[in-house]
Structure formats: structure tokens, C-alpha cells
Amino acid sequence: MKLKLLLSVKATLICTIIFSVCGINAGAQEVIGLQKAVDLALERNLTIKQAEFTAAITNEDLKQSKYNQLPNLAVSPQGSFNFGRNIDPSTNQFSNQRILAVNGNFTSQVTLFQGGQLRNTVIQNKILLDADKTNVAKVKNDLILNVVTTYLLVLTNQDLVKAAQQQIDVSKIALDRAQKSFDVGNQTLADLSQAKAQLSTNDLNYTNAENQLEQSLLTLKQYMEMDPGTDIRVERPDISKLNNVKTVYDAQEVVKTALAVNPDVLLAEQRQKAAAQGVKIARGNYYPSVVLFGAAGSYFSDAKNTPFGVTPTGRFDTIGFVQNSQQAVVVPNYKVGYKSNPFFRQLSDNFNQSVGVSLQIPIFNRFLSRTAVRKAKLQNQNAEVTAQLARNNLSKIIYQAVWDLQAADKRYASATQTYNANKDAFNIIQQRYTVGLVNSLDYNTSLTNLNKSQFDMIEAQYQVIFRSKVIDYYLGNPITL
């Protein structure tokens, strides 16, 4: 009995340890670095998969346009039973007997000339495939930029949460001092209330910072197609490297480089080329088409018989009368025997072939060709405008991005200077407040100014980094931290 109890206790302990370890592993926090976040987003993002499917479909269209230049081949066998009065296919004469008929044909044709439409369609589909591949690259680049932006936002919010917590700690110390001073009669109830209000304000700032952090983490998970309930921790890069950010760019040079590598512009230009090719395809309707065709076939009919013997019957058949004497003219009557031709013998005897060239000259088709050409020209003009609009928008965006980077750098320098000044001022006021030379209102005002300047500096620092990464994006450089 004791042995069973001991074994039961050991089994319980082992199970508890196993479940505890599993629980720890199940609830483990996943560490996500920037490169891992980008890789997961590129691997799982459904928008990228849709773009890749579209490119795969266009690739099949390209293959088919090449196959359309090959000759086709079709076979059409047919068998039938004919009853009652019908036409014998072997003699093309009426017959009242049941007939089994079998026939079949091979047909083939190849387009020799069609106004260059087949070749131009192949060229157009090649351009469209390149455009779809560029679109895949565009979707990936946009996704990478969004992931990096959100990643930086998470880092910003983490620093803001940390700064908010530090402010709460300082406020608690200030409240403790105010409470002790109030207890000994050195401060009024208003001073104590002011300290409590400052702590409450900092608690609110901390709550807001935490909410913003959770929102940015949720957005990052969505880009990675990750379960929102997954507990992740963003890996922090080396802050010292982030301080060495290039902030001076020549906008014209950036535009010049971006026009050659930006997927938005490349996509618009490729679609414009495809539209120009569409004009050539539409003009092909004006030209005649030449088609080479050929056919081969045969048939079988069980009504087709061959005579194999003649036997006199002893009777005579009247075939006419002499005009003057009206004497009958007769001939002997014979019985003829028939036998059906074999199946493959008939197929061999009835085998037929044909080959020819078909020429179709368009004369009037209710202006369909002219309308198609006009529509293709309008689509080409619209594509040209779209491509130019993409170039203009890119130029505007880059000039704005360069200006934003310079402005963010100036703002960061100013925010850093303000923070350092407020920090020095707060240290002095804190020392004077400790010995009772400064009231609580001045102390809390100085603390508020320090808190705000710290938040502004943190946000300005990451804004410089983000604006710099935007320039890297338009230059075609890899976006890393």
C-alpha cells in the first residue's frame, strides 16, 4: 500500500513538472527583431500572395499567346444508325433500308498572317508580365516600409512608456515629501493636492503611452499575419548606431535615382508600353488574314455492296415496242448477288484529303476596327498621363521627404537642447524645493516641462530615423536598423 502511494506521489510530481514546463514554453514571450519581422511579413502577407498569383496568371497568358502561333489539330469521328427513307452516304442516293454509317475527319489550320496581331500580343503579354513582377516588388517594398515604420513606432512608444514610468517614480517621491511636509505643518493642503494631481497626471500619461504601445504592437502583428494574442517583445537595436543618421540629401539627385528604381514609376511606364502595344494589335484588324488549312477523312456504310455473281432466271423483261408493228422488245432477266464491303476496305477506298489557303479581307465590319483603334489610342494616352503623373508625384514626395528629414533633424536638435535645459532647471529647483526655498507649484511646473521636453525629444529622435529610412526607400537601399 505504501509502495502504491509512493508511486502515485512520484507520478503526480512528474506530471506537475511536465505541465509546468509546457506552460512556461507555451506562454514564452517571442522576441522579434526587425529582420525577422520583415521576413515574416514577406512570407505570410496575403497581399503579396495575391500579386504573385496575378503575375502567375499573366505568365500563363504569355504562354498561350505563344501557343496561338502553332497549328491546331482536331479529329471528329461520328457513327449513326439511319432508319426509314434516308440518304446512303456511300452513293448519295435515297434508300429505305437501315444503314450503319461511320465517318471521321482530321482538320488542321495555321494562321500565316493576321496583321501582326499574334506577334504583338506576345510582346504585350511579356510587358504585362514584367509589370506584374514589378507590382510584386512594389507590394513587397511598401510592406517593408510599413513594417519598419511600425517597428520604429513600437520603439518610440516603449521609450515613452519608460519615460512615463520614470515620471511616476519622481512624482511619488515628490508626493511623499509633500505629505511629510504637510504633516509637520511646513506645507498647505493645496501643496499636497498639487502633488497628488501631478501623480495622477503622470499616471494618465503612462496609461496613454501603454495604450499607444499596445496599438503599435497590434499593427505590427497584423503586418506579420500573426495571432493578435501572441506575446511578442521587440528587440531593441543599438541606439548609438541610430544617432549616426544621414540627414543631408540633394533632392534632385534623389529624384534622379528614384526615377530609375522606384517600382511605382516602373509599373506605370511598363503599363504604358503595354497600352502602346495594344494600339498595334488593334490596327491589325485593318489587314487581311491568311490561313493555311488541311483536312483528311474517310467513311464506312453497310449499305455499300459489291456485285459478286450473275445468274439467269429464265424470264424476260420487256424494255420497249417496235414503232410500226408494236412488237415487244425483250431481254433476258438475271439475278445479281451482292456482298458488303469490309470496314477497313471501305475506309481505305474512301480516304480523302484536302489542303488550301483561306484569305479573309475586311471590307466593312460596322466600324468595329476603327473603334478598337481609337479606344486603344485613348488607353495609351491615358497610360502616358498616368506614367507622367507617377513621375510628378514621386518628385513631389521626395522633395517633401527631404524637407521633412531636415525639419525633423532641426526639431530633434531643438528638442534635445530644450530637454537638457529643462533637466538642469529641474535639478536646481528640486534641490531648492527640498530645503523649502521653492513652493510645490513651481516644482510641479518644472517637472511638467521636463516631462514634456523628454517626450518631445524621444519622438523627434525617432522621427529623424524614420524620415531617413523613407529616403533610403526611394533610393532603393535596403531598409535596416
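Residues numbered from 1 in each chain as written. Predicted model: local features only at pLDDT ≥ 70, side-chain atom pairs only at ≥ 80, totals over all residues. Heavy atoms only, no water.

By the naming in an unreviewed UniProt entry, the chain goes by Outer membrane protein and is assigned to Mucilaginibacter gossypii.

Q: Could you give me a rundown of a positive patch on the surface, with the residues and numbers involved?
A: Side chains of Arg-283, Arg-370, Arg-374 and Lys-377 sit close together on the surface and give a patch of like positive charge. For the positive patch, the leading source of residues is helix H10 (residues 368-434), giving three residues. Mapped onto the elements, Arg-283 comes out in helix H8 (residues 263-283). Look at Arg-283 and you get partly exposed, because its relative accessible area is 39%. (Patch = residues over 30% accessible without salt bridge, like charges linked within 9 Å, V, L, I, M, F, W, Y side chains within 5 Å. Areas by Shrake-Rupley, 256 points an atom, 1.4 Å probe, with all protein chains shown as cover. Salt bridge = Lys/Arg side-chain N within 4 Å of Asp/Glu carboxyl O. Lys, Arg positive; Asp, Glu negative; His and termini not counted. Charge placed at Lys NZ, Arg CZ, Asp CG, Glu CD. Helix = DSSP H or I, 4+ residues; strand = E, 2+ residues; numbered from the N terminus. Buried < 20%, exposed > 50% of the residue type's maximum accessible area, 1.4 Å probe, protein only.)

Q: Account for the pattern of salt bridges, naming residues and giving values.
A: Summed over all chains, the structure comprises nine salt bridges. Between Arg-467 and Asp-404 there is a salt bridge; the shortest N-O distance is 3.8 Å. Of the two residues, Arg-467 sits in helix H11 (residues 440-475) while Asp-404 sits in helix H10, which places them 63 residues apart along the sequence. On the basis of relative accessibility, which here comes to 25%, the residue Arg-467 falls in the partly exposed class. Shared partners join several salt bridges into a network, and the residues in it are Lys-138, Asp-142 and Asp-264.

Q: Explain the layout of surface pockets residue by residue, including any values.
A: Taken as a whole, the largest pocket spans an internal volume of roughly 240 Å³. In terms of lining residues, the largest pocket is bounded by 13 residues, among which Asp-159, Lys-162, Gln-454, Met-457 and Ile-458 are the most central. At the level of secondary structure, the elements contributing two or more residues to the lining of the largest pocket comprise helix H4 (117-183), H10 and H11. The residue makeup of the lining of the largest pocket, split by class, is seven nonpolar, three polar and three charged. (1 Å grid on protein atoms, 1.4 Å probe; cavity = no way out; pocket = protein on both sides within 12 Å on 5 of 7 lines; lining within 4 Å. Points joined across faces, edges and corners; volume = space filled by probe spheres on them. Nonpolar A, V, L, I, M, F, W, Y, C, P; charged D, E, K, R; others polar.)

Q: Describe H4, with residues and values.
A: When the terminal C-alpha atoms of H4 are compared, their 96 Å separation across 67 residues agrees well with the 99 Å that a helix rising 1.5 Å per residue should span. Count one or two residues on from H4 and you reach Gly-185, which has phi positive near 85°. (Expected span 1.5 Å × (residues − 1).)

Q: Tell me about a nonpolar patch on the surface, and please be specific about residues and values.
A: A grouping of Leu-112, Phe-113, Tyr-286, Tyr-287, Leu-292, Val-355 and Val-357 is seen on the molecular surface, where their side chains present a nonpolar patch of about 710 Å² in accessible area. Contributions of two or more residues to the nonpolar patch are made by strand E6 (99-113) and strand E11 (352-360). Considering the arrangement of structural elements, one finds Phe-113 in strand E6. Residue Phe-113 is classed as partly exposed on the basis of its relative accessible area of 38%.

Q: Could you give me a rundown of the side chain of Ser-171, with the residues and numbers involved?
A: Secondary-structure assignment places Ser-171 in helix H4. Discounting chain neighbours no more than four positions away, the residues touching Ser-171 are Gln-198, Leu-199, Asn-202 and Leu-447. (Contact = heavy atoms within 4.5 Å.)

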